[in-house]
Amino acid sequence: MSVITFTFRPLDPLGDAELLHGWVTHPKAAFWMMRDARLEDVERAYMEIAADEHHHALLGLQDGVPAFLMEYYDPRHRELAGLYEPLPGDVGMHFLTPPTDTPVRGFTRAVITAVMARLFEDPAVERVVVEPDVDNKAVHALNEAVGFVPEREIDKPEKRALLSFCTRAQFEKAVSA
């Protein structure tokens, strides 16, 4: 199998809203919790992220075509504020692959690997933290494949989540294995 490579660009909240709307409202994206979102809701949500110095959204591109969504955030200020004790160099992350009628074996693992590599390009990032729904077994397996270690379950306002961490060294070891 050939290596899948991606590039990244900042998300355009208005220009990309229609594309994202199709992704986040699809049944496959149930854990994204936007199934009933209208186009305006998606625009508003991503306009808020674009205006937030502690939260960022990027599109992952494959051959210049949008292939997935990546968000990253400062857990001291968003998502996990008050739910765990962040360390210097922590960054939170979400990613979403779109629905497809023609799945490519290894695609989602290539996506999470690219997302993690992108985050660790920043020398200030020491550890990535995620908080997926405890019932999202597919993403737990992907997280483990790139080096995440679950710490504990936590209660967020919208879900019961599995708080997990991955250091730079854990990621490098996992992807070189």
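Here we summarise the structure given alongside this text. (Residues numbered from 1 in each chain as written. Predicted model: local features only at pLDDT ≥ 70, side-chain atom pairs only at ≥ 80, totals over all residues. Heavy atoms only, no water.)

**Re the pattern of salt bridges**
Inference 1: Considering all chains together, one arrives at 11 salt bridges under this definition.
Inference 2: In the salt-bridge network here, residues are joined through shared partners; they are Glu131, Lys156, Glu158 and Lys159. (Salt bridge = Lys/Arg side-chain N within 4 Å of Asp/Glu carboxyl O.)

**Quick look at the side chain of His94**
Inference 1: Structurally, the position occupied by His94 is in strand 4 (residues 90–96).
Inference 2: Side-chain polar atoms of His94 contact the side chain of Glu131, separated by 2.6 Å. (Helix = DSSP H or I, 4+ residues; strand = E, 2+ residues; numbered from the N terminus. Polar contact = N/O pair within 3.5 Å; in protein donor to acceptor, adjacent residues only side chain to side chain.)

**Describing the packing of aromatic side chains**
Inference 1: If you walk through the whole model with that rule in mind, you get five aromatic pairs.
Inference 2: Judged by centre distance (5.0 Å) and plane angle (90 degrees), the rings of Phe6 and Phe68 are edge-to-face. With Phe6 in the segment before strand 1 (7–10) and Phe68 in strand 3 (residues 65–73), this residue pair connects regions lying 62 residues apart in the sequence. Per residue, the accessibility class of Phe6 equals that of Phe68, and both read buried.
Inference 3: Among the aromatic residues, ring-to-ring pairing joins Phe6, Phe8, Phe68 and Phe107 into one connected group.
Inference 4: Over the ring of Phe8 we find Arg118; its NZ or CZ atom is 5.5 Å from the centre of that ring. (Phe/Tyr/Trp six-rings, centres within 6.5 Å; stacked < 30°, edge-to-face > 60°. Buried < 20%, exposed > 50% of the residue type's maximum accessible area, 1.4 Å probe, protein only. Lys NZ or Arg CZ within 6 Å of the ring centre and 35° of its normal.)

**Description of the environment of Glu48**
Inference 1: Mapped onto the secondary structure, Glu48 falls in helix 2 (residues 39–50).
Inference 2: Taking the C-alpha atoms as reference points, Glu48 and Pro13, separated by 35 residues in sequence, lie 8.9 Å from one another.

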